[in-house]
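Coordinate analysis (summary)
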Amino acid sequence: MTKVDIKLSAGYLQVICRLIRRKLPGSLVIREITIILFCRLSAGYQLIGQLKVIGVNNVIDYNKKLPQEDEHIEYKTSKNAFPKDAWETISAFMNTDGGVLVLGIEEIKGHQFMIAGVHDSQNIKDEFWSSINNKSVLSYNGFKNSDIKTIRTDTTEVIQIQVREAPDSEKPVFLRGDERQAYVRNGATDAKARGESLMTLVRLSRDNLDTKVLPNYGIDDLSENSIQDYKSMLVKRETYRYYTNYPLEKFLRGIGVLSKDYDNNGKIGVTAGGLLFFGLNNSILHAFPNFQLDYFDKSHPEHDRWSRRISSIEEDLNIFSFFRRTEEALLANTPGNFEMDRNGQRIDTFGSMAVALREGLINMLMHADYFGESPLVVNNLTKYYEFQNPGKMKIPSNEFFTTNNSSTRNPIISKLFIQMGIGERAGHGGEKIYESAVTNHFRQPEIRTDLKGTQLTIWKVDYAESFGGKDINKRERAVLKAIVSSRRPGLSHKEIETQTQLSRSRVTTALNSLILKQILVVSGRGPSTRYGLPQTNEQIIAQAQAIPDMLRQLMSTNKNSKSKK
């Protein structure tokens, strides 16, 4: 999104905010919630320029102190030729999360860097372009002309190369025609992809990990109870009622659990996804020795470890039985918020949180790399839920809450969930999770993913309450709560003083500290200065996408409450 787009969008949204107050029909609660959503969105566009940009969009000001090298930034000294070790960095960036490679930067001491410049930028760029199309140098070329730039500083020139993460189908990206010469980015260093990290890259390139027919496995390796429970659920749906009188083997072939081994002897056998979904635990462990599913309820601080555990280590659980047990446990402890309309009727938002947790659980189980070494873990903590699984996401993490595109490495497992009727909106799970946070005024969800795995965090408290006593002090919390509870895009200094009853100097001290900790952002100047919550581009887009569905739900609720009178 360009600066022009942001400016125009913010202007349109401000106009909409004013129109809504005068024109929107319906109950007071619908008008007010709509105003909050649109005005928050408008504020997001205004504040976006204040945010730190990371990854391949990293903007470096070469006339100021250079940022440290990290997982997304690498500096190389280069006078007249393209440095040979830069190819290792390019491979690492492409295999990991992308980044920016800058030529003409010298390390002086203690991880401090200075601009040394390049002497012949055109020659270096020509060398780069002549090499990049040679498969014996790099196995994949994803560069565009605009990705490599000569940047003029106050005294010299540097070359900046933007390196995007390679598509999963092209991984691992390797050097010198040797797959063993693939690199990954670990912090600020390039490391050879070995062992599990190399195998992870290879598996990332495949979209059918669970379709393989496992030799020597049969129906006797599957849980009869799990299959019967699943079939009972399935035949209640009109679409799958024809399965009612199917014999067992025909039913299992129909749902993808059994399949012909097309790659070998052509015999019927159990698919990897079918075994994981319905298998007896001991049978699963023979094929997947690291298979482990855990749910921990750690939401009660009085317990040293956890108050409840559901584990495939302790019980004979497969994906299906773990899903049912864990979903029940999550929904039993789901926090429910209520809005009140102008007639005093409660608008129940419990449903949105239940949907979010179910989507989080399904996302973890559908998209995990079951060939990996780590367990799948759900943690129910005091302030948030955490879903962890091995396997890097197949879509960029910054698109998870905003896209309806879905890519899975486990088509059999995905199909089995979809047939249950709980994964029909495949690809929309992230949107539903984000929508729940907006509906309940909770802190916005977060997702992180790398070669080691994926972690999704769904909060059950608002932004102010999400920080512990070690993060912020009492005055900072009071200031933060004033901004959060206002449900407005930002507050002025004077408004915060009024809300908190703190003196001007104490509010200033608290605000400066919160801004330094990147908990708040500031926009505007002078009397127009406002203090608000940070938002990324993706969060702004997610809010925009959540608005139509939320308005439909609110208006439906309003209509139903009127019809009951």
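Here, the structure is the one placed above.
Presented here is a report on the structure given in the accompanying data block. Chains are numbered independently. Their residues run from 1 in the order of the written sequence. With pLDDT at 70 or above as the cut-off, local features in this predicted model cover only qualifying residues; side-chain atom pairs require 80 or more to be listed or tallied, and sums for whole chains, interfaces and linings still use all residues. Only hydrogens and water are set aside when side-chain values are computed; all heavy atoms of the structure are taken into account.

**Here's the deal with the sheet that holds strand S8 (residues 178-186)**
The line we're drawing: Note: two strands are recorded as paired if DSSP finds a minimum of 2 bridges between them. Secondary structure follows DSSP: runs of H or I at least 4 residues long count as helices, runs of E at least 2 residues long count as strands, and numbering of each begins at the N terminus.
Overall, antiparallel pairing links the three strands, which are arranged S7-S8-S9 in an open sheet. Single-partner strands in this sheet number two, and they are strand S7 (174-175) and strand S9 (189-192). Judged from the two bridges that link them, S7 and S8 form a sheet pairing that is antiparallel. Within the sheet, the bridge partner assigned to phenylalanine 174 lies in S8 and is alanine 182.

**Thoughts on empty space enclosed by the protein**
In plain terms, the rule: Here a cavity is any set of points on a 1 Å grid over the protein atoms alone where a 1.4 Å probe fits but cannot get out, and a pocket is any open set with protein on both sides within 12 Å along at least 5 of 7 lines; a residue lines the site when it has an atom within 4 Å of a point. Grid points are joined across faces, edges and corners, and a volume is the space filled by probe spheres set on the points. Classes in brief: Ala, Val, Leu, Ile, Met, Phe, Trp, Tyr, Cys and Pro nonpolar; Asp, Glu, Lys and Arg charged; the others, Gly included, polar.
Enumeration over the complete set of coordinates arrives at two cavities of 30 Å³ or more. One number sums up the size of the second largest cavity: a volume of about 50 Å³. For the second largest cavity, the full set of lining residues is Asn290, Phe291, Gln292, Asp369, Tyr370, Gly372, Ser374, Pro375, Leu376 and Pro390. Broken down by class, the residue content of the lining of the second largest cavity amounts to five nonpolar, four polar and one charged.

**Concerning the sheet that holds strand S2 (residues 99-103)**
Short version of the rule: As a rule, the C-alpha atoms of each element are fitted with a line to give its axis, helices using only the stretch in contact, and angles between N-to-C directions run from 0 to 180 degrees.
The sheet built from four strands is open, its strands ordered S1-S2-S6-S5 with mixed pairing. For this open sheet the edge positions go to strand S1 (73-76) and strand S5 (148-152), each flanked by a neighbour on one side alone. Adjacent strand axes in the sheet meet at a mean angle of 25° when their direction is disregarded. Pairing geometry for S5 and strand S6 (residues 157-163), over five bridges, is antiparallel. Directly across from threonine 150, in S6, lies its bridge partner isoleucine 159.

**Things to note about the environment of isoleucine 496**
The test is simple: What makes two residues a contact is simply this: any of their non-hydrogen atoms within 4.5 Å.
Along the chain, isoleucine 496 falls in helix H15 (residues 493-500). Residues isoleucine 496 and valine 507, spaced 11 residues apart in sequence, show a C-alpha to C-alpha distance of 7.4 Å. Residues in contact with isoleucine 496, not counting those within four places in the same chain, are Val479, Ile483, Leu491, Val507, Leu511 and Tyr531.

**Looking at the pattern of salt bridges**
Under the convention used in this document: Any carboxyl oxygen of Asp or Glu that lies within 4 Å of a side-chain nitrogen of Lys or Arg is treated as forming a salt bridge with it. Exposure classes here rest on a 1.4 Å probe applied to the protein chains alone. A residue is buried below 20% of its type maximum, exposed above 50%, and partly exposed in between.
One pass over the full model with this rule turns up 25 salt bridges. Here aspartate 178 and arginine 180 are joined by a salt bridge, their closest N and O atoms 3.1 Å apart. Taking the relative accessible area as the measure of exposure, arginine 180 reaches 60% and is therefore exposed. We note a salt bridge from arginine 358 to glutamate 327, for which the minimum N-O separation is 2.5 Å. Here arginine 358, found in helix H11 (residues 350-367), pairs with glutamate 327, found in helix H10 (residues 319-332); they are 31 residues apart in sequence, far enough to count as distant.

**Topic: unusual backbone geometry**
Lysine 171 connects to proline 172 through a cis peptide bond whose omega is -5°. Following the sequence through the fold, proline 172 ends up in the loop between S6 and S7. For arginine 176, which is not a glycine, the phi torsion comes out positive at approximately 55°. Structurally, the position occupied by arginine 176 is in the loop between S7 and S8. With phi around 60°, glutamine 518 is a residue other than glycine that occupies positive phi space. Structurally, the position occupied by glutamine 518 is in the loop between helix H16 (504-516) and strand S21 (521-523).

**Thoughts on helix H5 (residues 195-204)**
Buried within H5 are the following residues: Leu198, Thr200, Leu201, Arg203 and Leu204. On its buried face, H5 is in contact with helix H3 (86-95) and S8.

**Brief notes about the packing of aromatic side chains**
Rule in force here: Here the aromatic set is Phe, Tyr and Trp, taking the six-membered ring for Trp, and pairing holds for ring centres within 6.5 Å; pairs whose planes are under 30 degrees apart are stacked, those over 60 apart are edge-to-face, and all others are tilted.
Summed over all chains, the structure comprises 26 aromatic pairs. On the basis of an interplanar angle of 5° and a centroid distance of 6.0 Å, the ring pair of tyrosine 240 and tyrosine 243 is categorised as stacked. Judged by relative accessible area, tyrosine 240 falls into the buried class, the value being 15%. Judged by centre distance (5.3 Å) and plane angle (75°), the rings of phenylalanine 323 and phenylalanine 417 are edge-to-face.

**Things to note about the packing of helix H6 (residues 224-235) against H10**
Inclusion rule: Each crossing is labelled by how the near helix is turned from the far one, with a counterclockwise turn of less than a right angle marking it left-handed and a clockwise turn marking it right-handed.
In the contact formed by H6 and H10, the axes pass within 9 Å of each other and the chain directions differ by 65°. For H6 against H10, the interelement crossing comes out left-handed. Across the interface between the two elements, Ser226, Asp229, Tyr230 and Met233 from H6 touch Phe320, Ser321 and Arg324 from H10. Taken together, the residues that form the contact of H6 with H10 break down as three nonpolar, two polar and two charged.

**Considering the nonpolar core**
To keep it simple, the criterion reads: To qualify as a nonpolar core, a set must consist of buried Ala, Val, Leu, Ile, Met, Phe, Trp, Tyr and Cys residues joined through side-chain atoms within 4.5 Å.
The biggest cluster of nonpolar side chains holds 64 residues, and the ones touching the most others in it are Leu365, Tyr370 and Phe417. The element contributing the most residues to this core is H11, with eight residues. Formed by 25 residues, the second largest nonpolar core is a distinct cluster that contains Ala86, Leu101, Leu103 and Ile124.

**With respect to the environment of valine 377**
Within the fold, valine 377 resides in strand S17 (residues 376-380). A sequence separation of 16 residues divides valine 377 from leucine 361, and the C-alpha atoms of the two residues are 9.7 Å apart.

**A word on the pairing of strand S18 (residues 384-389)**
Within a regular beta strand, the side chains point alternately toward one face of the sheet and then the other, so they alternate between its two faces. Taken together, the four bridges between S17 and S18 define a ladder with antiparallel strand orientation. The partner of asparagine 379 across the bridge, within S18, is glutamate 386. Counted between consecutive antiparallel strands, the loop separating S17 from S18 contains three residues. In this structure, S18 lies alongside strand S20 (residues 453-459), joined through six bridges in antiparallel fashion. Bridging across to S20, glutamate 386 finds its partner in threonine 457.

**Observations concerning the side chain of aspartate 369**
By secondary structure assignment, the location of aspartate 369 is in the loop between H11 and S17. In this view, aspartate 369 contacts Arg203, Leu209, Pro390, Gly391 and Arg409; residues no more than four positions away in its chain are not counted.

**Here's the deal with the pairing of strand S13 (residues 293-297)**
By the criterion of burial, S13 is predominantly enclosed, with five of the five residues buried. Side-chain alternation along S13 places Leu293, Tyr295 and Asp297 on one buried face and Asp294 and Phe296 on a second face that is also buried. Bridge analysis of S13 against S17 gives five bridges, and the strand direction is parallel. Bridging from a neighbouring strand, aspartate 294 pairs with valine 377 of S17. Here S13 pairs with strand S14 (residues 308-311) via four bridges, running antiparallel. Its bridge partner being in S14, tyrosine 295 is matched across the sheet by isoleucine 310.

**Quick word on H6**
The condition is simple: What a helix is expected to span follows from its residue count: subtract one and scale by 1.5 Å. To obtain the arc, one takes the directions from the helix axis to the C-beta atoms.
Relative to the 16 Å expected for 12 residues at 1.5 Å per residue, H6 spans 17 Å between its end C-alpha atoms, a close match to the ideal helical length. Taken residue by residue, H6 has Ser226, Ile227, Tyr230, Lys231, Leu234 and Val235 as its buried positions. Summarising the axial view, the buried residues of H6 lie within an arc of 150°, below the 170-degree limit, and thus occupy one face. Considering only its buried residues, H6 is in contact with helix H7 (248-254), helix H8 (272-278), H10 and helix H12 (411-419).

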